[in-house]
Amino acid sequence: EGTSILEDSFMIEEVIPKHYTGRVLSECPNPKYNYVFSKEIGKKVAMLVPRKWQGKLIGKEVTFEAISDISGTSYRYARKGK
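Parameters and conventions
Residues numbered from 1 in each chain as written. Predicted model: local features only at pLDDT ≥ 70, side-chain atom pairs only at ≥ 80, totals over all residues. Heavy atoms only, no water. Core = buried A, V, L, I, M, F, W, Y, C linked by side-chain atoms within 4.5 Å. Buried < 20%, exposed > 50% of the residue type's maximum accessible area, 1.4 Å probe, protein only. Helix = DSSP H or I, 4+ residues; strand = E, 2+ residues; numbered from the N terminus. Contact = heavy atoms within 4.5 Å.

(A) Molecular detail of the nonpolar core. In terms of nonpolar packing, the biggest core is built from 11 residues, these being Tyr20, Val24, Val36, Val45, Met47, Val49, Leu57, Val62, Phe64, Ala66 and Tyr75. For this core, the secondary-structure elements that each account for two or more residues are strand S1 (18-27), strand S3 (43-48) and strand S4 (61-69). In terms of residues, this core owes the most to one element, S4, which gives 3 residues. In this view, Val62 contacts Tyr20, Thr21, Gly22, Val24, Met47, Leu57 and Tyr77; residues no more than four positions away in its chain are not counted.

Encoded structure:
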């Protein structure tokens, strides 16, 4: 019985973020976020930015990742090397 339970628990889906590239358009009213336009997504989205990069990415080409869950999709900054 225990073997069948363990076999089912090993089949959990992995959460792998999708990476996109886009140009930072502007800063959102909340400085933790920047608006990014990505041709791959086809729209402007708000991206979470680390404190170190707040206000320094405007007009630059960046890589960001999409994280989907029950409440929707959110986006956050990702280093280019990742």
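Back to the write-up after that little detour.
(B) Layout of the environment of Lys80. Examined against the element boundaries, Lys80 turns out to sit in the segment after strand S5 (72-78). Owing to a relative accessible area of 60%, Lys80 belongs among the exposed residues under this scheme. For the pair Lys80 and Thr63, spaced 17 residues apart in the sequence, the C-alpha separation amounts to 5.8 Å. Leave out the neighbours within four places in its chain, and Lys80 touches Glu61 and Thr63.

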